[in-house]
Amino acid sequence: MARKTLEKREDLKLRLIEAARNRIAADGLSNLRARDVTQDVGCALGGLYTVFADLDDLVIHVNSATLKGLEASLTLAEVKDHTPTDRLRNLARGYLRFAVTHRNLWKALFDHRPPDNRPSPEWHLEEHMFLMGVIAEPLAELQPTMSETARAIRARTLFGAVHGVVSISLEGRFVGLPVESLERELDDFILTVAAGAAARQA
């Protein structure tokens, strides 16, 4: 009996995550309502709180699934033997394409703010850090003498630069770029960064 209860609980959890994901993808995080999600899966409102602490907890699990999708789209086996510059360009392109294709889910990764009295769990913060790891890898080849600490800082800086231009462009800010120009500009930006790294290493 206990096993059946656990299986039902896990099934409800997965269905709620999927329903919330679909809602966010269609209408954005700001329009997410617990009652809509539970109606979508056909359970009572209280059912959500048997598997999640609250709506914020559910959003964290949706964001976790989004991060896994982002990771899969960036860590492509077919580019692992490419030059470090090409791998960095691939990361920037992949990040842009994911943001454009899954705009609301991508925005939810950065728009969600858990309550002050209950910050994001450590396991979820660690999931966010995969991006820094995949950026640091090619950077290590471009500048092998750079310390691990300095490389981690450089990876964060590079991510911040790419994320920043993608974000302001997709939001239509006046300093943003048209989406059709972004990939080319990101390519050129990465080439400049890589050339600078190689020159400092020489």
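In this text, all values refer to a predicted model and were calculated from it rather than measured experimentally.

Definitions and limits used
Residues numbered from 1 in each chain as written. Predicted model: local features only at pLDDT ≥ 70, side-chain atom pairs only at ≥ 80, totals over all residues. Heavy atoms only, no water. Core = buried A, V, L, I, M, F, W, Y, C linked by side-chain atoms within 4.5 Å. Buried < 20%, exposed > 50% of the residue type's maximum accessible area, 1.4 Å probe, protein only. Helix = DSSP H or I, 4+ residues; strand = E, 2+ residues; numbered from the N terminus. Contact = heavy atoms within 4.5 Å. 1 Å grid on protein atoms, 1.4 Å probe; cavity = no way out; pocket = protein on both sides within 12 Å on 5 of 7 lines; lining within 4 Å. Points joined across faces, edges and corners; volume = space filled by probe spheres on them. Nonpolar A, V, L, I, M, F, W, Y, C, P; charged D, E, K, R; others polar. Salt bridge = Lys/Arg side-chain N within 4 Å of Asp/Glu carboxyl O.

Asks: Just checking my understanding: could you explain the nonpolar core for this structure?
Replies: In a soluble, globular protein the nonpolar side chains are often hidden away together inside. Leu-88, Tyr-95, Ile-135 and Val-166 are the most contacted members of the largest nonpolar core, which has 31 residues in total. Contributions of two or more residues to this core are made by helix H4 (55-74), helix H5 (84-101), helix H6 (103-111), helix H8 (130-142), helix H9 (148-170) and helix H10 (179-201). Sort the elements by how many residues they give to this core and H8 lands first, with eight residues. Apart from residues no more than four positions distant in its own chain, Val-166 is found in contact with Tyr-95, Leu-96, Ala-99, Trp-106, Leu-182 and Leu-186. Leu-12, Ala-19, Ala-20 and Val-51 belong to the second-largest nonpolar core, a separate cluster that totals 19 residues.

Asks: Would you explain the side chain of Asp-54 in this entry?
Replies: Assignment of secondary structure puts Asp-54 in the loop between helix H3 (45-51) and H4. Apart from the residues lying within four places of it in its own chain, the contact partners of Asp-54 are Leu-48, Tyr-49 and Arg-118.

Asks: Please explain the layout of surface pockets as it appears in this structure.
Replies: Empty space within the largest pocket amounts to approximately 280 Å³. Residue lining of the largest pocket: 13 residues in total, with Leu-109, Phe-110, His-112, Leu-125 and His-128 positioned closest to the centre. Contributions of two or more residues to the lining of the largest pocket are made by H6, helix H7 (122-128) and H8. Taken together, the residues of the lining of the largest pocket break down into seven nonpolar, five polar and one charged. Volume-wise, the second largest pocket comes out at about 160 Å³. Forming the walls of the second largest pocket are Leu-74, Thr-75, Leu-76, Val-79, Lys-80, Arg-87, Asn-90, Leu-91, Val-134, Glu-137 and Pro-138. At the level of secondary structure, the elements contributing two or more residues to the lining of the second largest pocket comprise H5 and H8. Of the residues contributing to the lining of the second largest pocket, the split by class is six nonpolar, two polar and three charged.

Asks: Looking at this model, I keep getting lost on empty space enclosed by the protein. Mind explaining?
Replies: It is the rolling of a water-molecule-sized probe over the atoms that shows where space remains empty. Enumeration over the complete set of coordinates arrives at one cavity of 30 Å³ or more. Quantified by volume, the largest cavity comes out at close to 110 Å³. Lining the largest cavity we find Leu-74, Leu-88, Leu-91, Ala-92, Tyr-95, Leu-131, Val-134, Ile-135, Leu-158, Phe-159, Val-162 and Ile-190. With four residues, H5 is the single largest residue contributor to the lining of the largest cavity. Among the residues forming the lining of the largest cavity, the class breakdown is twelve nonpolar, no polar and no charged.

Asks: Quick question: what am I supposed to make of the pattern of salt bridges here?
Replies: Opposite charge on two side chains makes pairing possible when the charged atoms of those side chains draw close. Across all of its chains, the model carries eleven salt bridges by this definition. The closest approach of N and O atoms between Arg-173 and Glu-171, which form a salt bridge, is 2.8 Å. Residue classification places Glu-171 among the partly exposed positions, given a relative accessible area of 39%. Salt bridges sharing partners connect three or more residues here, namely Asp-86, Arg-89, Arg-93 and Asp-187.

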